[in-house]
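# Analysis of the macromolecular model
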Amino acid sequence: MERWDPIGVSDTPAAADEYDSYIGEVYELIKRDASSSEISAYLCKIEVDQMGMLDANGSPLLPTDVRSRAASSLKDLARLF
């Protein structure tokens, strides 16, 4: 949640589980050795399809580089296990 927090709740203790419902699919992506780009695309899909996080032009609100860094961090974390 430190790297990917599209709705800005990382500093709210009560929201610590806000993104838990997406962990399963991220785990599956990592398990099948998906690329950082594939993980980033999944995160974008969540932002757009599930959260409706779009600007007036229909583009995702979260900058691409933020999502890419989060995806890379997830891949790095997976290497620890």
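Please refer to the structure placed before this passage.
Attention here is on the structure that accompanies the text. Predicted model only: the values in this text are computed from it and were never measured. (Residues numbered from 1 in each chain as written. Predicted model: local features only at pLDDT ≥ 70, side-chain atom pairs only at ≥ 80, totals over all residues. Heavy atoms only, no water.)

### Here we look at the overall build of the protein
Across its full length, the protein carries three helices and zero strands. The helix and strand sequence of the protein, counted from the amino end, reads α-α-α. The C-alpha radius of gyration computed for the protein amounts to 13 Å, which stays within 12% of the reference 12 Å derived for 81 residues, consistent with globular compactness. Summarising its shape, the C-alpha atoms of the protein cover approximately 40 × 30 × 20 Å along the three principal directions. In the protein, which comprises 81 residues, the proportion classed as buried is 30%. Considering only contacts within the protein whose residues lie at least 6 apart along the sequence, 51% involve residues at least 24 apart. (Helix = DSSP H or I, 4+ residues; strand = E, 2+ residues; numbered from the N terminus. Rg over C-alpha atoms; globule rule 2.2 N^0.38 Å. Buried < 20%, exposed > 50% of the residue type's maximum accessible area, 1.4 Å probe, protein only. Contact = heavy atoms within 4.5 Å.)

### A short note on unusual backbone geometry
The phi angle at Asp33 is positive, at roughly 60°, despite the residue not being glycine. Mapped onto the elements of the fold, Asp33 is located in the loop between helix 1 (23–31) and helix 2 (36–50). Judged by its relative accessible area of 58%, Asp33 is exposed.

### Focus: helix 3 (residues 64–79)
Helix length check: helix 3 (16 residues) gives 23 Å between terminal C-alpha atoms against 22 Å at 1.5 Å per residue, within 8%. What helix 3 keeps buried is the set Val66, Arg67, Ala70, Ala71 and Lys75. (Expected span 1.5 Å × (residues − 1).)

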